[in-house]
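# Report on the structure
The lines below spell out each chain.
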Amino acid sequence: MTDGIEERIKRSISLNINDPERRGSLVRVGGEHGLVVVGDLHGEPDSLRTLRSKITGNCIWIFLGDYVDRGSGSIEILSMVVDMQLYMPESVILLRGNHEDWNMNLRYGFADEISRKGYKDLIPVILDWYESLPLFAVSEDLVAVHGGPPFPPVGTVKELEDITYLSKKGQSVVWSDPLDRFYQPRGGGTRAFSREEYQRFLEVTGCSYMVRGHQYNPEAGYKVSFDNCLTLFSARYGREWKRSFLYLDRRPLTENIEDKVITF
Ligand SMILES: [Mn+2]
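Below you will find a few notes about this structure. (Residues numbered from 1 in each chain as written. Predicted model: local features only at pLDDT ≥ 70, side-chain atom pairs only at ≥ 80, totals over all residues.)

Take the overall build of the protein next. Broken down by element type, the protein carries nine helices and 14 strands. The C-alpha radius of gyration of the protein comes to 17 Å, within 12% of the 18 Å expected for a compact globule of 264 residues. A principal-axis box enclosing the C-alpha atoms of the protein has dimensions of 45 × 40 × 40 Å. Every one of the 264 residues in the protein was classed for burial, and the buried ones make up 43%. Considering only intrachain contacts with a sequence separation of at least 6, the fraction spanning at least 24 residues in the protein is 71%. (Helix = DSSP H or I, 4+ residues; strand = E, 2+ residues; numbered from the N terminus. Rg over C-alpha atoms; globule rule 2.2 N^0.38 Å. Buried ≥ 20, exposed ≤ 12 C-beta atoms within 10 Å, placed from the backbone. Contact = placed C-beta atoms within 7 Å.)

Turning our attention to the pairing of strand S11 (residues 222-225). In terms of strand pairing, S11 meets strand S12 (residues 229-232) through four bridges, oriented antiparallel. Paired with Lys223 across the strands is Thr231, a residue of S12. Where S11 folds back on S12, the antiparallel hairpin that results is connected by three residues, among which Phe226 adopts a positive phi of roughly 50 degrees. (Pairing = 2+ DSSP bridges.)

The subject of this paragraph is the packing of helix H1 (residues 5-18) against helix H3 (residues 74-87). In contact at an axis separation of 9 Å, H1 and H3 are set at 55 degrees when each is read in the N-to-C sense. When the axis of H1 is compared with that of H3, the two are oblique. Between H1 and H3 lies a crossing of left-handed hand. Note on element contacts: H3 touches H1 through Ser79, Val82, Asp83, Gln85 and Leu86, opposite Ile5, Arg8, Ile9, Arg11, Ser12 and Leu15. (Axes fitted to C-alpha atoms, helices over the stretch in contact; angles between N-to-C directions. Parallel < 35°, antiparallel > 145°, perpendicular 65-115°, else oblique. Left-handed = near helix turned anticlockwise from the far one by under 90°.)

Attention now goes to unusual backbone geometry. Here the residue pair Phe151 and Pro152 is connected by a cis peptide bond, since its omega of -5 degrees sits within 30 degrees of zero. By the secondary structure assignment, Pro152 is in the loop between strand S7 (142-145) and helix H7 (157-161). A cis amide bond, omega -10 degrees, links Arg251 with the succeeding residue Pro252. Turning to its location among the elements, Pro252 is positioned in the loop between strand S13 (244-248) and strand S14 (261-263). The backbone phi angle of Asp66 is positive, close to 60 degrees, even though this residue is not glycine. If you trace the backbone, Asp66 turns up in the loop between strand S4 (59-63) and H3. Owing to 29 C-beta atoms within 10 Å, Asp66 belongs among the buried residues under this scheme.

One recurring pattern in soluble globular proteins: nonpolar side chains tend to sit buried together. The biggest cluster of nonpolar side chains holds 61 residues, and the ones touching the most others in it are Val37, Ile62, Ile93, Leu95 and Ala144. Setting aside its immediate chain neighbours within four residues, Ile62 contacts Val29, Leu35, Val37, Ile93, Leu95, Ala137, Ser139 and Ala144. (Core = buried A, V, L, I, M, F, W, Y, C linked by C-beta atoms within 7 Å.)

The end-to-end C-alpha distance of H1 is 20 Å, a good match for the 20 Å that 14 residues give at a rise of 1.5 Å each. For H1, the full list of buried residues reads Ile9, Ser12 and Asn16. Axial view of H1: buried residues confined to an arc of 55 degrees, hence all on one face. Facing away from the buried side of H1 by over 90 degrees, the exposed positions are Glu7, Ser14 and Asn18. Elements that come into contact with the buried residues of H1 comprise H3, strand S5 (92-94) and helix H6 (123-132). (Expected span 1.5 Å × (residues − 1). Arc of directions from axis to C-beta.)

Turning next to the environment of Asn103. Checked against the element boundaries, Asn103 lands in helix H4 (residues 102-108). Residue classification places Asn103 among the exposed residues on the basis of 11 C-beta atoms within 10 Å. When the C-alpha positions of Asn103 and Val143 are compared, they lie 27 Å apart, and in sequence the two are 40 residues distant.

Moving on to the sheet that holds S7. If you trace the seven strands from one edge of the open sheet to the other, you get S1-S2-S6-S7-S10-S12-S11, paired in mixed fashion. Every interior strand has two partners, whereas the edge strands, strand S1 (22-23) and S11, have only one. Bridge count for S1 against strand S2 (residues 26-28) is two bridges, and the pairing is antiparallel. Counted as the bridge partner of Arg22 is Val27 from S2. Running at roughly 105 degrees to strand S10 (residues 209-212), helix H9 (residues 195-205) makes contact with strand S6 (136-139), S7, S10 and S12 of the sheet.

Structure, rendered in structure tokens:
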């Protein structure tokens, strides 16, 4: 499963950096096929395997980041998403989450897993891979991001493209949560984004809704804030929680977004 992983991660880095539809931190992807959006996977290969078994045929895949940490199979998840990208280079977008960060890996399990499984030589290439991941994906009417809109807010797409991961704006993109009834302050660069900030971000991107991950929702497996801001979470922390992903068979979206969420 992880044979030749260093070489495969390097090929993924090259695909990430050289994507012709990429401008800085933002990548555009077509909407002509079905679209699958996958939330946080957090080192749970069984979650990705189960999810994949539910999808047949050609699709565009957008992953919202947080591949590693928490679960015990982060290397395997990394290997699986990289393989999907190498197999379908124009159809798989891998975004960066707040766990694609070595300081997080030292605290939340991936660094230990790397040592325990004998992959210490891989650390530099994994860190390069993190750096190669975009922060935003736009597909027709949909914008995808790990956490939320940048703060302070931006007024143009060019400003979005120029956002770097470690900047204040970049950290808010991977850490922020919607200001809804579930909101609780947590660490890192986390802050609440309001309905107004959400709508302003949509206007800048030219999109009509946003899909994000970053928050688990053990009751329903997903949530909808501000009418159509969808939060997905595709891992279950090893418990019996519901997991979710989004599957859009047709574009643009004309139905209620909640009707397109699949839980498993
Ligand atoms: Mn996260």
